[in-house]
Amino acid sequence: MKTVITVQHPKSQQHENGMIGSLGAWELTEQGILHARKIAAGLLRDGYGEDTLLISSDLMRTAQTAEIIGECLGVKPVYTPLLREFDLGEANGKTKAWAKENLHCPVWQGTRDWAKSIDGRVFAEAETKREVYVRLEQFLAEYVAPQAGNLILVSHAGTLSVLFALWMGLPVEALEKVNFDGKAGGVSVLKEDADGHRILAKLNDMQYTV
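Below or above, wherever it landed, is the structure these notes cover. Keep in mind it's a predicted model, so treat the numbers as computed, not measured.

1. Some remarks on the pairing of strand E4 (residues 151-155)
Thought 1: With 5 of 5 residues buried, E4 is to be regarded as a mostly interior element.
Thought 2: Side chains of E4 alternate between two faces, with Leu151, Leu153 and Ser155 and Ile152 and Val154 buried alike.
Thought 3: Judged from the 5 bridges that link them, strand E1 (residues 2-8) and E4 form a sheet pairing that is parallel. Pairing of Ile5 across the sheet is with Ile152, part of E4.
Thought 4: Taken together, the 4 bridges between strand E2 (residues 53-57) and E4 define a ladder with parallel strand orientation.

2. Re the sheet that holds strand E6 (residues 198-205)
Thought 1: With respect to topology, 6 strands assemble into an open sheet ordered E3-E2-E4-E1-E5-E6, the strand pairing being mixed. For this open sheet the edge positions go to strand E3 (78-80) and E6, each flanked by a neighbour on one side alone. With strand direction ignored, the average angle separating the axes of adjacent strands in the sheet is 20 degrees.
Thought 2: Summarising the sheet, E1 and strand E5 (residues 187-192) pair through 6 bridges and their orientation is antiparallel. Bridge pairing in E5 links Lys2 to Glu192.

3. Some points on unusual backbone geometry
Thought 1: Even without being a glycine, Ser22 presents a positive backbone phi close to 40 degrees.
Thought 2: Looking at the element boundaries, Ser22 is found in the loop between E1 and helix H1 (30-45).
Thought 3: Phi is positive for Glu125, close to 70 degrees, though the residue is something other than glycine.
Thought 4: Positionally, Glu125 belongs in the loop between helix H3 (96-101) and helix H4 (129-144).

4. Points about the environment of Val7
Thought 1: Looking at the element boundaries, Val7 is found in strand E1.
Thought 2: Those residues in contact with Val7 that sit more than four places away from it in its chain are Ile39, Leu43, Thr65, Ile69, Ile152, Leu153, Val154, Ser155, Leu160, Gly186 and Val187.

5. Describing the packing of H4 against helix H5 (residues 157-167)
Thought 1: One way to put it is that H4 packs onto H5 with a least axis distance of 10 Å and a crossing angle of 65 degrees. Taken together, the axes of H4 and H5 are roughly perpendicular relative to one another. The two elements H4 and H5 meet at a crossing, and its hand is right-handed. Residue-level inspection shows Val132, Tyr133, Arg135, Leu136, Glu137, Leu140 and Val144 of H4 in contact with H5, the latter providing Thr159, Val162, Leu163, Leu166 and Trp167.
Thought 2: By residue class, the composition of the contact of H4 with H5 is 9 nonpolar, 1 polar and 2 charged.

6. Quick look at the nonpolar core
Across soluble globular proteins, nonpolar side chains show a tendency to be buried alongside one another.
Thought 1: Of all hydrophobic cores here, the largest spans 36 residues; its most connected members are Val122, Leu136, Phe139, Leu153 and Val162.
Thought 2: Sorting the residues of this core by element identifies H4, E4 and H5 as the ones contributing at least two each.
Thought 3: In terms of residue count, H5 provides more of this core than any other element does, 7 residues in total.
Thought 4: Beyond its immediate stretch of four places on either side in the chain, Phe139 contacts Ile55, Thr80, Leu82, Leu83, Val144 and Leu153.
Thought 5: If you look at the next biggest cluster of nonpolar residues, it comprises 19 residues, including Ile5, Leu43, Val75 and Val187.

7. With respect to helix H2 (residues 60-73)
Thought 1: Along its 14 residues, H2 runs 20 Å from first to last C-alpha, staying within 8% of the 20 Å computed at 1.5 Å per residue.
Thought 2: Of all 14 residues that make up H2, 10 are buried, and the element is covered over most of its length.
Thought 3: Residues of H2 that are buried include every one of Arg61, Thr62, Ala63, Gln64, Thr65, Ala66, Ile68, Ile69, Gly70 and Leu73, and no others.
Thought 4: Buried residues in H2 make contact with E1, H1, E2, E3 and E4.
Thought 5: At the C-terminal side of H2, Gly74 shows a positive phi close to 80 degrees.

Calculation criteria
Residues numbered from 1 in each chain as written. Predicted model: local features only at pLDDT ≥ 70, side-chain atom pairs only at ≥ 80, totals over all residues. Heavy atoms only, no water. Buried < 20%, exposed > 50% of the residue type's maximum accessible area, 1.4 Å probe, protein only. Helix = DSSP H or I, 4+ residues; strand = E, 2+ residues; numbered from the N terminus. Pairing = 2+ DSSP bridges. Axes fitted to C-alpha atoms, helices over the stretch in contact; angles between N-to-C directions. Contact = heavy atoms within 4.5 Å. Parallel < 35°, antiparallel > 145°, perpendicular 65-115°, else oblique. Left-handed = near helix turned anticlockwise from the far one by under 90°. Nonpolar A, V, L, I, M, F, W, Y, C, P; charged D, E, K, R; others polar. Core = buried A, V, L, I, M, F, W, Y, C linked by side-chain atoms within 4.5 Å. Expected span 1.5 Å × (residues − 1).

Scope: geometric values only; no functional claims are made or implied.
Structural data, given as structure tokens:
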């Protein structure tokens, strides 16, 4: 049984400063650092340690989270741009208020940048859901498929939502109607048995931050 633990990075600066997250170089807040330490301690209690492969998005807030987890577990994180958050193009470096007024396509109700269409480009030069899906197909093939043991992935809300859909075998077209909501600091558990059956065993478990 292959186990893949995903960690959505805890609270970071863009959760408080009104700026777009995306590719921004935002650090974890003090609360985010505290929660990252609690997540690390919880994963250690669960038995994850030096035999675990730790892979993280290379953006600052996820890299910080991975460093804290890696120090606790005694492993060195591997960083890859394949786990980055959606690239929101011209919205990078802009405020959330600006983003609300400058959408290039319709978005889901109650969201700021979750396009209704898998090929919708919410801002000029932004990634589409389809493009992120393809990026994550590459990630799974390069990093997850060859690994026989346990993995911990540190990433972002939007990216993990697409990863969960891909893990469960949903075609990219399903993202027109399906979304796995994310929570800052949420820990999810994915499993794959010897017959290739894939399981979403746990979604956004927040007990690690308590």
